[in-house]
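# Structural description and commentary
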Amino acid sequence: MLKIITHPNPNLRKKSLPVENQQILTSEFQKLLNQMSYLMFKYDGAGLAAPQIDKQYRVVVVNIKGQSQAFINPKITKKSLLKKTLEEGCLSIPGVFGWVKRPKKVTIKYQDKNAIWQKEKCDEYLSRVIQHEIDHLDGVLFIDKIIKK
Ligand SMILES: [Zn+2]
C-alpha cells in the first residue's frame, strides 16, 4: 500500500512529469488514482498530489463534498488579480499551519480520468485547494509561501 511521504523528504521538491494519454487509460494508472483518493479520505485531506505518495506524476485528487475528483496534467490558465489570504495545512507537513496569500480565483485546464481535456473556473474552496496541489507538482510547498504562522 502506498503511503504519504513527509517534509523534508527531497522527493517532495522534485518537478513532476506530465502523464501521457495512453498511460491515463491503463488499469495501473486508474488504480493509482483510486489509491490516492483512498489516502486522501483516510487522512481527511482536502486534496492529495502524486508527489506526496512519492510518484512524480502531474496528478492531483481533490475532495469535493466527499467525492474525489482527479485532475490530470492540470494547468492554471488564468489568475484573478484579487488575492485572498487563508490558513493552510498539508498532509506532508503534519502539525504545521500558516496563512498563505493566493489569487482568489483561477481558471484551469486539466484531463479527467478518461483523459478528456476539461476547463474549469475555480473559486473559493476549489481555487485554494487546486493551487496548493498544483504547487506540489512543481516541488513547491505551502511553507514556502507562509506570510504568518
Ligand atoms: Zn499539500
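Up top is the structure.
First things first, this report covers the structure right here in the doc. Residue numbering note: each chain is counted from 1, following its sequence as written. Per-residue local features are limited, in this predicted model, to residues with pLDDT of at least 70; the limit for side-chain atom pairs, both in listing and counting, is 80 or more; totals at the level of whole chains, interfaces and linings are taken over all residues. Side-chain metrics rest on all non-hydrogen atoms present in the structure, leaving aside hydrogens and water.

### Some words on the overall build of the protein
Comment: elements are numbered from the N terminus, with helices defined as DSSP H or I runs of at least four residues and strands as E runs of at least two. A count of helical and extended segments in the protein gives three helices and eight strands. In sequence order, the secondary structure elements of the protein are arranged as α-α-β-β-β-β-β-β-β-α-β. Think of it in three bands: with a 1.4 Å probe and only protein chains considered, a residue is buried below 20% of the maximum accessible area for its type, exposed above 50%, and partly exposed in between. The 149 residues of the protein split such that 46% are buried. Any two residues whose heavy atoms approach within 4.5 Å at even a single point are treated as in contact. A separation of at least 24 residues holds for 66% of the contacts in the protein among residues at least 6 apart in sequence. Across the protein, the 26 positively charged side chains and the 14 negatively charged ones have centroids separated by 4 Å. In this tally, Lys and Arg are treated as positive and Asp and Glu as negative; His is ignored, and so are the chain termini. Here the site of a charge means atom NZ of a Lys, CZ of an Arg, CG of an Asp or CD of a Glu.

### Things to note about the nonpolar core
Of all hydrophobic cores here, the largest spans 18 residues; its most connected members are Phe29, Met36, Leu48, Ile53, Val59 and Ile72. Every element with two or more residues in this core is listed here: helix H2 (27–42), strand S2 (59–64) and strand S3 (67–79). The greatest single-element share of this core, amounting to six residues, is contributed by H2. The contact partners of leucine 48, leaving out residues within four places of it in the chain, are Ile4, Met36, Leu39, Met40, Ile53, Val59, Val60, Val61, Leu91 and Glu133. Core analysis: the next-biggest nonpolar cluster, separate from the first, contains 13 residues, Val62, Phe71, Ile108 and Cys122 among them. Put simply, buried Ala, Val, Leu, Ile, Met, Phe, Trp, Tyr and Cys residues joined by side-chain atoms within 4.5 Å make one nonpolar core.

### Let's talk about the sheet that holds strand S8 (residues 146–148)
Strand order in this open sheet of three strands is S4-S5-S8, and the pairing throughout is antiparallel. Either end of the sheet is taken by a strand with one partner, and the two such strands are strand S4 (83–88) and S8. For this sheet the average axis-to-axis angle between neighbouring strands, irrespective of direction, equals 45°. One requirement defines pairing of two strands: DSSP has to find at least two bridges between them. Bridge analysis of strand S5 (residues 98–103) against S8 gives two bridges, and the strand direction is antiparallel. Looking at S8, one finds that valine 100 is bridged to isoleucine 146. The convention used is that axes are lines fitted to C-alpha atoms, helices contributing only their stretch in contact, and that angles between N-to-C directions extend from 0 to 180 degrees.

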